[in-house]
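Secondary and tertiary structure notes
Chain residues, written in single-letter form:
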Amino acid sequence: METLQELHSILTDLELKREAQKAKRDSFRNTCTKTTDPYGRPYKVVVKNKHPPAELFKQLGNPSRGDTKSFALKILQELYPPSHSPATPPNCFPLIQEPQITKNEIRRILKKATTKKAPGFDAIDYIVLKEVNNSFPEILHTFYNKCYQLHCFPEPLKKGIIVLFHKDGKEADKIKSYRPVILLPTIGKVLEQILLRRLNHTLKKKKHTSSQPVRFSRG
């Protein structure tokens, strides 16, 4: 009997937590919908525990009015030190004529794409991209096939925004206490996924797969 009562109590607590979380989400969504200033109350609620760039630079030993570009470069150089390993020329293979990218390929990738990912500098997130593809599938279909035909990955799609997140429990005045995240344009991410899937398919078909783990391969 006591076990049933304890189980009932646990289930009741879980239900209350779910309802509380739902109420918080609904309240925040309602606040965001009604606001006319994107950097008003909703923005302040989200970033209230985050350090603005000027304060972050000050913590890391750089004046808030200093040269932020050179300081950002210093952060990147420390987080990603240059590699001194000798570059090896890649093996050149003859180009293989493959069929065009299909609308189904694009649709499948967008279907699996999470809408919770932040967009890149163009502010086009997966929600917008999915709506565009649903309403006007020819736009992305034509664009990706043109990139494929020209063997070109557009330079703007390689540009990202680097955001630094402070690691919990780490000292705020140390550069390596921050985890860098690069926000890339979603349009480029979809193109990358198309090329990745086709590459993996070709490697598997030609039996060029390796037993060693490789970043772009599964397993």
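Just so you know, these numbers come straight off a predicted model, no measurement behind them.

**Digging into the nonpolar core**
- If you look at the biggest cluster of nonpolar residues, it comprises 15 residues, and the most contacted ones within it are Ile-106, Leu-110, Leu-129, Tyr-144, Val-190 and Ile-194.
- Counting residues per element, the ones that place at least two in this core are α5 (103-112), α6 (126-135), α7 (137-150) and α8 (186-205).
- Ranked by residues supplied to this core, first place goes to α8 with four residues.
- Not counting residues within four places of it along the chain, the set of residues in contact with Leu-129 comprises Leu-110, Ile-124, Leu-140, Thr-186, Ile-187 and Val-190.

**Here's the deal with a nonpolar patch on the surface**
- Taken together, the side chains of Ile-10, Leu-11 and Leu-14 make up a nonpolar region of the molecular surface, amounting to roughly 280 Å² of accessible area.
- You can see Ile-10 is positioned in helix α1 (residues 2-34).

**Comments concerning the packing of α5 against α7**
- Their axes nearest at 10 Å, the elements α5 and α7 cross at an angle of 105°. One finds that α5 runs roughly perpendicular with respect to α7. Contacts from Lys-103, Ile-106 and Leu-110 of α5 reach α7 at Pro-137, Glu-138, Leu-140, His-141 and Tyr-144.
- Classifying every residue of the contact of α5 with α7 gives five nonpolar, one polar and two charged.

So, how was this worked out
- Going along each chain's sequence as written, the residues are numbered from 1 onward.
- Local features in this predicted model are restricted to residues whose pLDDT is 70 or higher, and side-chain atom pairs enter the listing and the counts only when it is 80 or higher, whereas totals over whole chains, interfaces and linings include all residues.
- With hydrogens and water set aside, each side-chain value is computed from the structure's full complement of heavy atoms.
- Side-chain atoms within 4.5 Å are what join buried Ala, Val, Leu, Ile, Met, Phe, Trp, Tyr and Cys residues into a set we call a nonpolar core.
- Note on exposure labels: buried denotes an accessible area under 20% of the residue type's maximum, exposed denotes more than 50%, and partly exposed covers the range between, all computed with a 1.4 Å probe on protein chains only.
- Per the convention used, a helix needs a DSSP run of H or I reaching at least four residues, while a strand needs a run of E reaching at least two, with both numbered from the N terminus.
- In this analysis, two residues are considered to be in contact whenever any of their non-hydrogen atoms come within 4.5 Å of each other.
- Each patch groups residues whose relative accessible area exceeds 30% and which form no salt bridge, using 9 Å between like charges and 5 Å between nonpolar side chains of Val, Leu, Ile, Met, Phe, Trp and Tyr.
- Here the open area of atoms and residues is found with the Shrake-Rupley method and a 1.4 Å probe, where only the protein chains shown may cover a residue.
- What makes a salt bridge here is a side-chain nitrogen of Lys or Arg within 4 Å of a carboxyl oxygen of Asp or Glu, nothing more.
- Inter-axis angles, ranging from 0 to 180 degrees, are taken between N-to-C directions of lines fitted to C-alpha atoms, where helices are fitted over the stretch in contact.
- By definition in this entry, angles of less than 35 degrees are roughly parallel, angles greater than 145 are roughly antiparallel, angles of 65 to 115 are roughly perpendicular, and the rest are oblique.
- Residue classes follow a fixed rule: Ala, Val, Leu, Ile, Met, Phe, Trp, Tyr, Cys and Pro count as nonpolar, while Asp, Glu, Lys and Arg count as charged, and any other residue, Gly among them, counts as polar.

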